[in-house]
Amino acid sequence: MTAADDVVDALVRTTFEVAGVLTRIGGEHDLSLTQLRVLGILRDRRARITDLAAYLGLDKSTMSGLIDRAQRRGLLTRDKNPDDGRVVDVYTTPAGLELAKRVEDEVRRALAPMTGRLEQDQLDQLVKLLELASTRP
């Protein structure tokens, strides 16, 4: 096995562990993994439905349905973009922000056994390496 194979294996294993935690905690709050991702993305910003759909790899109609369901639960809402009235943004309601914060705290506690094994300098290095490897701009 090459070093690149080892990295891929470690990333996949870690992804499965983290996705399992997110799926379990999301389920406890009646949220799918995708809904959980949307709450995480929108916790500190507004976004267009088309941008969310593109980022999550979903078509616009699927994204709209997901937003509709979250809106009925009082977690998200829509409003005209303050800079361009032709555009509609989606953003988190106070109830959605509170749920996102609660879920974030639960995820942090659930991942603590993994992250707690690392020293602070290792955690800092891991963050830098993951950000460097990220495909997001």
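Rules and cut-offs
- Residues numbered from 1 in each chain as written.
- Predicted model: local features only at pLDDT ≥ 70, side-chain atom pairs only at ≥ 80, totals over all residues.
- Heavy atoms only, no water.
- Helix = DSSP H or I, 4+ residues; strand = E, 2+ residues; numbered from the N terminus.
- Buried < 20%, exposed > 50% of the residue type's maximum accessible area, 1.4 Å probe, protein only.
- Pairing = 2+ DSSP bridges.
- Contact = heavy atoms within 4.5 Å.
- Axes fitted to C-alpha atoms, helices over the stretch in contact; angles between N-to-C directions.
- pLDDT = per-residue confidence, 0-100.
- Polar contact = N/O pair within 3.5 Å; in protein donor to acceptor, adjacent residues only side chain to side chain.

Participant: Help me understand the overall build of the protein in this model?
Facilitator: Per the secondary structure count, the protein includes 6 helices and 3 strands. For the protein, the succession of helices and strands along the chain, N to C, is α-α-β-α-α-β-β-α-α. Counting only C-alpha atoms and orienting by the principal axes, one finds that the protein spans roughly 50 × 30 × 25 Å. Taking all 137 residues of the protein together, 28% fall into the buried category.

Participant: Whenever I open this one, the pairing of strand β3 (residues 88-92) confuses me. Can you help?
Facilitator: The side chains of a regular strand alternate between both faces of the sheet. Taken together, the 2 bridges between strand β1 (residues 47-48) and β3 define a ladder with antiparallel strand orientation. In the strand pairing of β3, Ala47 is matched with Val90. In this sheet, β3 lies alongside strand β2 (residues 76-80) in antiparallel orientation, the contact comprising 5 bridges. Residue pairing in the sheet places Asp79 in a bridge with Asp89 of β3.

Participant: Explain the sheet that holds β3 to me, please; I cannot follow it from the model alone.
Facilitator: Backbone hydrogen bonds are what pair the strands of a sheet, in a parallel or an antiparallel way. Ordered in space as β1-β3-β2, the 3 strands form an open sheet in which the pairing is antiparallel. Looking along the sheet, the strands with just one partner apiece sit at the ends: β1 and β2. Across the sheet, helix α4 (residues 60-72) lies against β2 and β3, angled at about 110° from β2, the strand it touches most.

Participant: Explanation requested: unusual backbone geometry in the structure shown.
Facilitator: Excluding glycine, residues mostly have negative phi values, and the peptide bonds linking residues are mostly trans. Even without being glycine, Asp30 reaches a positive phi, approximately 55°. Along the polypeptide, Asp30 turns up in the loop between α1 (3-28) and α2 (33-42).

Participant: It is not clear to me how the confidence of the model for the protein should be interpreted in this structure. Could you clarify?
Facilitator: Note: predicted coordinates in regions of low pLDDT should not be interpreted at a detailed level. Residues with a pLDDT of 70 or more make up 98% of the protein, whose mean pLDDT is 93. Taking the mean pLDDT of every element in the protein, the minimum, 92, falls on helix α3 (residues 49-56) and the maximum, 96, on helix α5 (residues 94-115).

Participant: Just checking my understanding: could you explain the side chain of Gln35 for this structure?
Facilitator: Position of Gln35 among the secondary structure elements: in helix α2. A polar contact is formed between the side chain of Gln35 and the backbone nitrogen of Ser32, at a distance of 2.7 Å. Ignoring anything within four residues of it in the chain, the contact list for Gln35 reads Asp30, Leu66 and Arg69.

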